[in-house]
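# Secondary and tertiary structure notes
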Amino acid sequence: MYNRPSWHQYFLEMAFLASKRSTCLRRKVGAIIVKDYQVVSTGYNGAPKHVPHCSETGCLRQKLNIPTGERHELCRGIHAEQNAIIQAAINGSVIKGSDLYCTNQPCVICTKMLINSEINTIYIAEVYADKLAQEMLIDAGVNMYKVDRKTGDVKRIL
């Protein structure tokens, strides 16, 4: 018997597939923006277009010994969530009222962008220790759920 994935598993697996394009040496992240069960845009973390990737230049954050979750501005890469928002804008796609599926919980910078993009709900596979991001999502009324990739079970985090 075929085990058909739930919608949450389906879109989260797409986010993991997108993450395989990442050129980040520290964390491979993928994001999918979905509206009415249709993929609107995708993104993964890596350097901007026409700029050498960290896989070619080395990781600046690693060289400077910057801990995870700090000093995001000291990175060549654009986060997966940011790239998904940018791709929607480039293609003229409306993301207001959409949902985000992401391999990891968005950082505070991405969280601010997602709130202003009027994303409804965020679904993630892994939690990322960023209390300010969580506080801002609560303040903005954006719910976040953790999806179990194997079972498809969904657990509300915020």
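As a starting point, this report considers the structure included with it. (Residues numbered from 1 in each chain as written. Predicted model: local features only at pLDDT ≥ 70, side-chain atom pairs only at ≥ 80, totals over all residues. Heavy atoms only, no water.)

### A word on unusual backbone geometry
Where the residue is not glycine, phi is negative for most of them; where a peptide bond is considered, it is trans in most cases. Its identity is not glycine, yet aspartate 36 carries a phi of approximately 55°, on the positive side. A positive phi is found at histidine 50, a non-glycine position, where the angle reads about 70°. You can call histidine 50 exposed: its relative accessible area is 82%. (Buried < 20%, exposed > 50% of the residue type's maximum accessible area, 1.4 Å probe, protein only.)

### Concerning helix α4 (residues 80–90)
Since the α-helix turns once every 3.6 residues, residues separated by three or four places project in the same direction. If you check which residues of α4 are buried, you get Ala80, Glu81, Gln82, Asn83, Ala84, Ile85 and Ala88. In the core, the buried residues of α4 are packed alongside β1 (30–35), β2 (38–44), β3 (99–104) and α5 (108–116). (Helix = DSSP H or I, 4+ residues; strand = E, 2+ residues; numbered from the N terminus. Contact = heavy atoms within 4.5 Å.)

### Some thoughts on the side chain of asparagine 83
Mapped onto the elements, asparagine 83 comes out in helix α4. In this structure asparagine 83 comes out as buried when scored by relative accessible area, which is 16%. Residues within four places of asparagine 83 in sequence aside, it is in contact with Thr42, Gly43, Tyr44, Gly46 and Ile78.

### So, the packing of α4 against α5
Two elements in contact, α4 and α5, have axes whose closest approach is 9 Å; the angle formed by their N-to-C orientations is 30°. Taken together, the axis directions place α4 and α5 in an arrangement best described as roughly parallel. At the point where α4 passes α5, the crossing takes the left-handed sense. Contact residues: α4 offers Glu81, Gln82 and Ile85, while α5 offers Ile109, Cys110, Met113 and Leu114. (Axes fitted to C-alpha atoms, helices over the stretch in contact; angles between N-to-C directions. Parallel < 35°, antiparallel > 145°, perpendicular 65-115°, else oblique. Left-handed = near helix turned anticlockwise from the far one by under 90°.)

### With respect to the sheet that holds strand β6 (residues 154–156)
An order of β2-β1-β3-β4-β5-β6 is seen for the six strands of this open sheet, with the pairing classed as mixed. In this open sheet, the two strands that pair with only one neighbour each are β2 and β6. On average, adjacent strands in this sheet sit at an angle of 25° to one another, irrespective of strand direction. Bridge count for β3 against strand β4 (residues 121–126) is five bridges, and the pairing is parallel. Residue pairing in the sheet places cysteine 102 in a bridge with isoleucine 124 of β4. (Pairing = 2+ DSSP bridges.)

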